[in-house]
Amino acid sequence: MSFEPIGPTPAARAGKLALLTLPFLVGLVCVLLSFVPVSAIFNADVAPAFGLMAVYYWAVQRPDVFPPYAVFALGLLYDLLSAGPLGLWALVYVVIYGVVLTQRLLFVGRAFTLFWAGFLLAVFVSAIFAWGLASFYYGQPLSAWPVLTQMAATVALFPLFAKLFELLQERLLVQG
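The following paragraphs examine the structure supplied in this document.

Analysis parameters
- Residues numbered from 1 in each chain as written.
- Predicted model: local features only at pLDDT ≥ 70, side-chain atom pairs only at ≥ 80, totals over all residues.
- Heavy atoms only, no water.
- Helix = DSSP H or I, 4+ residues; strand = E, 2+ residues; numbered from the N terminus.
- Buried < 20%, exposed > 50% of the residue type's maximum accessible area, 1.4 Å probe, protein only.
- Areas by Shrake-Rupley, 256 points an atom, 1.4 Å probe, with all protein chains shown as cover.
- Salt bridge = Lys/Arg side-chain N within 4 Å of Asp/Glu carboxyl O.
- 1 Å grid on protein atoms, 1.4 Å probe; cavity = no way out; pocket = protein on both sides within 12 Å on 5 of 7 lines; lining within 4 Å.
- Points joined across faces, edges and corners; volume = space filled by probe spheres on them.
- Nonpolar A, V, L, I, M, F, W, Y, C, P; charged D, E, K, R; others polar.
- Core = buried A, V, L, I, M, F, W, Y, C linked by side-chain atoms within 4.5 Å.
- Patch = residues over 30% accessible without salt bridge, like charges linked within 9 Å, V, L, I, M, F, W, Y side chains within 5 Å.
- Expected span 1.5 Å × (residues − 1).
- Contact = heavy atoms within 4.5 Å.

Let us now look at the overall build of the protein chain. The secondary structure content of the protein chain amounts to six helices and zero strands. In the protein chain, the succession of α and β elements from N to C terminus is α-α-α-α-α-α. Residue burial in the protein chain is summarised as follows: out of 176 residues, 38% are buried. For the protein chain, the accessible area works out to roughly 10100 Å², and carbon and sulfur atoms hold 73% of it.

Laid out in structure tokens, this is it:
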């Protein structure tokens, strides 16, 4: 009679899969949400940068399960769906992710207002970077107004989305 080692239970494997994919799946939903015409509800020309919210949140809270290639994939998907310059948001997301990673210890476990202020700074940098790259791509300075309104809406909605992300993290990422 031979004894097989007891492997992880299906629930444990499902939990591990959730741990490894949740930040990417949340980012994916956020990128897709950017193309839902919610801007019509608010009578605005642009939708908030929901994907940027996910990139910032998970870069600070759980970078161990949100690798740079996942961030790049989200940015590339955004680029493909937006029909803008290919690679623009992929580059912006990866750069912001990298910068946030270097500063994340300033925000982990601190008051939400500091976390939000960090997001405001990340949004400001990403807006300038994206606007500059797009202007360079098109060979002329583009209007900054759409970028400013998009980023203002993004910063304003961040607390709501951060709370949703936090609830998901508490419910599904309790391990690790």
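With that settled, the discussion passes to the pattern of salt bridges. Pairing of side chains with opposite charge becomes possible as their charged atoms draw close. What the rule picks out here adds up to one salt bridge. Asp64 is the partner of Arg62 in a salt bridge, and the nearest nitrogen-oxygen pair spans 2.9 Å. Residue classification places Arg62 among the buried positions, given a relative accessible area of 7%.

Below, the discussion takes up the layout of surface pockets. Of the voids in this model, the largest pocket is the one considered here, and its volume is about 470 Å³. Around the largest pocket sit 25 residues that line it, and Tyr78, Leu88, Trp89, Val147 and Gln150 are the ones nearest its centre. Counting residues per element, the ones that place at least two in the lining of the largest pocket are helix 3 (68–82), helix 4 (88–103), helix 5 (112–138) and helix 6 (145–172). Among the elements that make up the lining of the largest pocket, the one with the highest residue count is helix 5 (six residues). Considered class by class, the residues forming the lining of the largest pocket number 18 nonpolar, six polar and one charged. Space inside the second largest pocket adds up to approximately 230 Å³. Along the walls of the second largest pocket sit 14 residues, with Tyr57, Gln61, Phe112, Phe115 and Glu166 positioned nearest its centre. Mapped onto the lining of the second largest pocket, the elements with two or more residues apiece are helix 2 (50–61), helix 5 and helix 6. Considering each element in turn, the lining of the second largest pocket owes the most residues, six residues, to helix 6. Partitioning the lining of the second largest pocket into residue classes produces seven nonpolar, three polar and four charged.

Counting 43 residues, the largest nonpolar core has Tyr56, Tyr93 and Phe165 as its most contacted members. Broken down by secondary-structure element, the contributors of at least two residues to this core are helix 1 (10–33), helix 2, helix 3, helix 4, helix 5 and helix 6. Here this core gets 10 residues from one element, more than from any other, and that element is helix 2.

This part covers a nonpolar patch on the surface. Residues Leu121, Phe124, Val125 and Ile128 make up a contiguous nonpolar surface patch of about 390 Å² in total accessible area. Inspection of the secondary structure puts Ile128 in helix 5. Overall, Ile128 belongs to the partly exposed group, its relative accessible area being 46%.

What follows is about helix 5. Spanning 27 residues, helix 5 covers 38 Å between terminal C-alpha atoms, matching the ideal 39 Å at 1.5 Å per step. For helix 5, the complete set of buried residues consists of Phe115, Gly118, Phe119, Ala122, Val123, Ser126, Ala127, Ala130, Ala134 and Ser135. Among the structural elements, helix 2, helix 4 and helix 6 are those in contact with the buried residues of helix 5. Of the residues flanking the end of helix 5, it is Gly139, one or two places downstream, whose phi is positive at about 75 degrees.

Trans peptide bonds make up the majority, and among non-glycine residues the majority have a negative phi. Of note, the phi angle at Ala83 is positive, near 60 degrees, even though the residue is not glycine. With respect to the helices and strands, Ala83 occurs in the loop between helix 3 and helix 4. Classification of Ala83 as exposed rests on a relative accessible area of 66%.

Further remarks concern the side chain of Gln150. With respect to the secondary-structure elements, Gln150 resides in helix 6. The class for Gln150 is buried, based on a relative accessible area of 9%. Discounting chain neighbours no more than four positions away, the residues touching Gln150 are Val46, Ala47, Pro48, Ala49 and Tyr78.

It is worth stressing that arrangement in space is one thing and function is another; only the former is reported here.
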